[in-house]
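Report on the structure
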Amino acid sequence: MYILLPMDSEEVQVATLTRLDDVKIWTQILVEEGELVEVLHAKEKDGFQNFSECVVVVNDNEYVWPFMELNMMVLVAHTQRSIDAIVEAYLFKELHDLAY
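The following refers to the structure shown. Note that the structure is a prediction, hence the values are computed from the model and not measured.

**A word on the overall build of the protein**
In terms of regular secondary structure, the protein is built from 2 helices and 6 strands. Its C-alpha radius of gyration of 12 Å places the protein within 12% of the 13 Å reference for a compact globule of 100 residues. Its C-alpha atoms give the protein principal-axis dimensions of about 30 × 30 × 25 Å. Per-residue burial over the protein gives 41% buried out of 100 residues. A fraction of 44% describes how many contacts in the protein between residues 6 or more apart in sequence connect residues 24 or more apart. Taken together, the 6 basic and 19 acidic charged side chains of the protein have centroids lying 7 Å from each other.

Have a look at this one:
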């Protein structure tokens, strides 16, 4: 599954998930068979070759309608901020559905 993340840096080791209003770079990760397979970066959220099936945001108050119009699943990472923590939370189903 391709997952889209709004990040504050393209440095994988120090990048953290950020609010949609504060995004500096978009990161697309590919998770297959319980493993992180690929990490890509782009300046624009639609700058990737493959369509992201899911977007992860930091809280329920983010403006996510553009993603929902594209039929993307929206998940919320209330405490996870690093790519590794988000992947782990995704694999263990610890990311939350968006509360309306």
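**Digging into helix 2 (residues 83–91)**
For helix 2, the full list of buried residues reads Ile83, Ile86, Val87 and Ala89. The buried side chains of helix 2 occupy one side of the element, clustering within an arc of 165 degrees when seen end-on. The inward-facing, buried residues of helix 2 abut strand 1 (2–7), strand 2 (25–32), strand 3 (35–42) and strand 4 (54–57).

**Overview of the nonpolar core**
If you look at the biggest cluster of nonpolar residues, it comprises 18 residues, and the most contacted ones within it are Ile3, Leu5, Met7, Leu17, Ile29, Val56 and Leu95. Looking at this core, the elements with two or more residues in it are strand 1, strand 2, strand 4 and helix 2. Ranked by residues supplied to this core, first place goes to helix 2 with 4 residues. The residues touching isoleucine 3, leaving out its near neighbours within four places in the chain, are Thr27, Gln28, Ile29, Val31, Ser52, Cys54, Val56 and Tyr90. Formed by 13 residues, the second largest nonpolar core is a distinct cluster that contains Leu20, Ala42, Val55 and Val57.

**Here's the deal with the pattern of salt bridges**
A full pass over the atoms with the stated rule returns 2 salt bridges. Where aspartate 21 meets arginine 19, a salt bridge forms, and the shortest distance between an N and an O atom there is 3.5 Å. Here arginine 19 falls in the partly exposed class, since its relative accessible area comes to 34%. Of the charged contacts in the structure, one is a salt bridge between glutamate 62 and arginine 19, with a shortest N-O distance of 3.4 Å. In this pair, glutamate 62 sits in the loop between strand 4 and helix 1 (65–69) while arginine 19 sits in the loop between strand 1 and strand 2, placing the two residues 43 residues apart along the sequence.

**Topic: the sheet that holds strand 4**
A sheet is described by the order of its strands in space; here 6 strands give the open sequence 3-2-1-4-5-6, paired in mixed fashion. Of all the strands in the sheet, the pair left with one neighbour each is strand 3 and strand 6 (96–97). Contacts from helix 2 reach strand 1, strand 2, strand 3, strand 4 and strand 5 (73–76) within the one sheet, and its direction differs from that of strand 2 by about 40 degrees.

**Quick word on the packing of aromatic side chains**
Taken as a whole, this structure holds 1 aromatic pair when the rule is applied. With a centroid separation of 6.1 Å and an interplanar angle of 55 degrees, the aromatic rings of tryptophan 26 and phenylalanine 67 are classed as tilted. Residue tryptophan 26 is located in strand 2, and its partner phenylalanine 67 is located in helix 1; the two are separated by 41 residues in the primary sequence. Judged by relative accessible area, tryptophan 26 falls into the buried class, the value being 7%.

**Some points on the pairing of strand 3**
Of the pairings in the sheet, the one linking strand 2 to strand 3 comprises 7 bridges and is antiparallel in character. Bridge pairing in strand 3 links tryptophan 26 to alanine 42. A loop of 2 residues connects strand 2 with strand 3, the two strands running antiparallel in sequence, and glutamate 33 in this loop sits at a positive phi of about 50 degrees.

Cut-offs applied
- Residues numbered from 1 in each chain as written.
- Predicted model: local features only at pLDDT ≥ 70, side-chain atom pairs only at ≥ 80, totals over all residues.
- Heavy atoms only, no water.
- Helix = DSSP H or I, 4+ residues; strand = E, 2+ residues; numbered from the N terminus.
- Rg over C-alpha atoms; globule rule 2.2 N^0.38 Å.
- Buried < 20%, exposed > 50% of the residue type's maximum accessible area, 1.4 Å probe, protein only.
- Contact = heavy atoms within 4.5 Å.
- Lys, Arg positive; Asp, Glu negative; His and termini not counted.
- Charge placed at Lys NZ, Arg CZ, Asp CG, Glu CD.
- Arc of directions from axis to C-beta.
- Core = buried A, V, L, I, M, F, W, Y, C linked by side-chain atoms within 4.5 Å.
- Salt bridge = Lys/Arg side-chain N within 4 Å of Asp/Glu carboxyl O.
- Pairing = 2+ DSSP bridges.
- Axes fitted to C-alpha atoms, helices over the stretch in contact; angles between N-to-C directions.
- Phe/Tyr/Trp six-rings, centres within 6.5 Å; stacked < 30°, edge-to-face > 60°.

So yeah, pure geometry; function would need other evidence.
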